[in-house]
Amino acid sequence: MSIQATNIRKTFGTVTVLGGVDLTVPRGKLVALLGPSGSGKTTLLRIIAGLEHADPGSGQIHFHGEDVTKVPAGKRKVGFVFQHYALFRHMTVFENIAFGLTILPRRDRPAGSAIADRVHALLKLVQLEGLDARYPTQLSGGQRQRVALARALAVEPRVLLLDEPFGALDAKVRKELRRWLRKFHDEIHLTTVFVTHDQEEALEIADEVVVMNNARIEQVGTPQEVYDRPASPFVYQFLGNVNVLRAQALAGAGVPGANPAALEAEGNLYVRPHDVAVAPHDPRSPGLVAVLRYIHAAGPQARLTLEQIQSRATVEVEVSRSELATLGLKVGDLATLRLRQGRSFDADYAI
Amino acid sequence: MAAAISTTLSHHTSHAAVQRATHDPRWVRWTLTTVALLFLGCFLALPLAAVFAEALRRGFGAYFSAFAESDALASIRLTLLAAAISVPANLGFGVAAAWCIAKFNFPGKSVLITLIDLPFAVSPVISGLIYVLVFGLQGWWGAWLIEHDLKVIFAVPGIVLATTFVTFPFVARELIPLMQAQGSDEELAALTLGANGWQIFWRVTVPNIKWGLLYGIILCNARAMGEFGAVSVVSGHIRGETNTMPLQVEILYNEYNFVGAFAVASALALLAIVTLVLKALVEWRHAQARAS
């Protein structure tokens, strides 16, 4: 295992930022620490880097089996990319990337020409050839980020840590750059952890997603695992849209495929909008009866908002545009809803 | 017809060329400008001119002979000495204090900021008196100092101490907002790249603050050379020994030696002008560095 953090606790005054967190990052993987702001993800990343320290007496950090808990940040050999890049503003791109090499003690420092070769190879790697004489203020956000990445890689780090790497970019650049980062990672195969609050980002590029909330890790898994089988109501709600339905209301409606005993329990059922089947109302077929209140069809999928006639609670449904056309539903029509799959965390069952 | 067209054209172009921030009538602008210039002239330019005019009233010979006098020379030496010690001392202190305040959080931080402002808040005379109370004959350490044959008050050490005290906010005050605005991300980035504290300071922090630092030094130096109140209290006015230039000016003036007084004053004013030119140069260079 490339990075192993065991029982990391961190408190600021009376606030618990990390409550005994364990994290394992496999060698060569790209791992996302995903969570809302205040969940402790950035603090965990900074503790791994050595920029902050866990509470005395708590946990250890191992890199490739070696205990680095007491090793200062400068000697851990981590590549850290800051959210706002933290490029040295008075240095050119070349000087920024070369910094980690030029500060080495003379006996370890490569010759000037070797440093220059190295910097140019890195510039090529991050596709910024020809920009070596520019200053950070003369670069776009995406370019700055890649300079920060090249600067971090120049010292041949053992692990790469990125704090909200796409947070400061606009939406289009963000999408391009995250695909680029995925490809880039496949080329260099350096164990990488990045922090993000954007679930789409994490699900799209990470090999493994670590979902954090309230100073704890809620779930660890591949993007598909955490999306399809969320381990907690929080993960369900944080990763994508979800309908929270009262289990009792469903029992009365005789939803097919449900375990009747479980549905009688007090509690909620979590159902993704695309797991709800919608059909024009037919009194003979079982299901939840609801009124179609709103159709949002700007996009590949149509989003329908329906209101259950018994409980008045709303249900969001996603269907394809062509399916919507075949159904022929209009706002104000009655519809019957059936659930393809869903999950309850109160009683241990799934339908 | 042609004339009419050309007037509208010229009217149009003049509007396009000069983008004004205000649309006040001409007489308002002229009046305000005149008032500002008259004020500056009466309160700044005229007195400065008067200093040089008075100093040169008896010609260049009398002017330069005023400097040939040993007391005047001693006062110049003492002023330069006091500045040469207090400015580097406050440079070190200011950088250290600004570094602590901007880059770290610790209990008592706001107390430290308030203490740095103290010399600005209290009258310089009080600052001088504090040293007399501490180091003077009847002061806390007075007896001990006499026992060890050390003189602080009415001697050069007292003058240096008083000068340092009244000038110590300048560098720190200049750097704190600058360093706070810059944050510590660049230092942390250097840290993760393996730099040690010394390398981080010299290669990341100092280049980022150098213009603010220079500006603070210049202001600090200007005040160090011109300080009167605090130094006057601790000096004892011993001729040729503990008189700085501002004190020397006062003594000569009280003795009706106007040419001498104004000659020393003109030297002081020249030092101030040099300082101002340096300051303007630094600001200009800083603006250029920002723009590029």
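Within each chain, residue numbers correspond to sequence positions counted from 1 in written order. Chains carry letters from A onward and ligands carry numbers from 1 onward, assigned in written order. At least 70 in pLDDT is required for a residue's local features to be given in this predicted model, at least 80 for side-chain atom pairs to be given and counted, and no such filter applies to totals for whole chains, interfaces and linings, which use all residues. Hydrogens and water molecules were not included; the side-chain quantities draw on all heavy atoms of the structure.

On to the packing of helix α4 (residues 70-103) of chain B against helix α5 (residues 109-121) of chain B, then. All names here are of chain B. With axes taken as lines fitted to C-alpha atoms, and helix axes fitted only over the stretch in contact, angles between N-to-C directions fall between 0 and 180 degrees. Strands are runs of DSSP state E lasting at least two residues, helices are runs of H or I lasting at least four, and both sets are numbered from the N terminus onward. Contact geometry for α4 and α5: axes closest at 11 Å, N-to-C directions at 150°. On the basis of their axis angle, the class for α4 and α5 is roughly antiparallel. Read as a crossing pair, α4 and α5 show a hand that is left-handed. Only Lys109, Leu112, Ile113 and Ile116 of α5 make contact with α4, whose side of the interface consists of Phe93, Ala97 and Ile101. Oblique is the label for any angle not under 35 degrees, not over 145, and not in the 65 to 115 range, which are roughly parallel, roughly antiparallel and roughly perpendicular in turn. Should the near helix be turned counterclockwise from the far one by less than a right angle, the crossing is left-handed, whereas a clockwise turn marks it as right-handed. Should any heavy atoms of two residues lie within 4.5 Å, those residues are considered in contact.

Take the pattern of salt bridges next. Opposite charge on two side chains permits them to pair, given that their charged atoms come into close proximity. All names here are of chain B. What makes a salt bridge here is a side-chain nitrogen of Lys or Arg within 4 Å of a carboxyl oxygen of Asp or Glu, nothing more. One pass over the full model with this rule turns up 21 salt bridges over all chains. Residues Glu187 and Lys103 are paired through a salt bridge, measuring 3.1 Å at the closest nitrogen-oxygen approach. On the criterion of sequence distance, the pair formed by Glu187 in helix α10 (residues 185-192) and Lys103 in helix α4 is long-range, its members being 84 residues apart. Accessibility assignment for this pair places Glu187 and Lys103 in one class, buried. Relative accessible area decides the class of each residue, using a 1.4 Å probe on protein chains only: under 20% of the type maximum gives buried, over 50% gives exposed, and in between gives partly exposed.

What follows concerns the pairing of strand β2 (residues 15-25) of chain A. Residues and elements named next belong to chain A. Bridge analysis of strand β1 (residues 3-12) against β2 gives eight bridges, and the strand direction is antiparallel. The partner of Lys10 across the bridge, within β2, is Leu18. Following β1, the chain reverses through two residues before pairing antiparallel with β2; Gly13 in that reversal takes a positive phi of roughly 65°. A pair of strands is treated as paired once DSSP finds two or more bridges between them.

Residue and element names in this part refer to chain A. Bridge analysis of strand β14 (residues 288-296) against strand β17 (residues 334-339) gives four bridges, and the strand direction is antiparallel. Its bridge partner being in β17, Leu288 is matched across the sheet by Leu337. As paired strands, β14 and strand β15 (residues 301-308) are joined by six bridges and run antiparallel to one another. When the sheet's bridge partners are listed, Tyr294 is paired in β15 with Thr305. Counted between consecutive antiparallel strands, the loop separating β14 from β15 contains four residues, among which Gly299 sits at a positive phi close to 145°.

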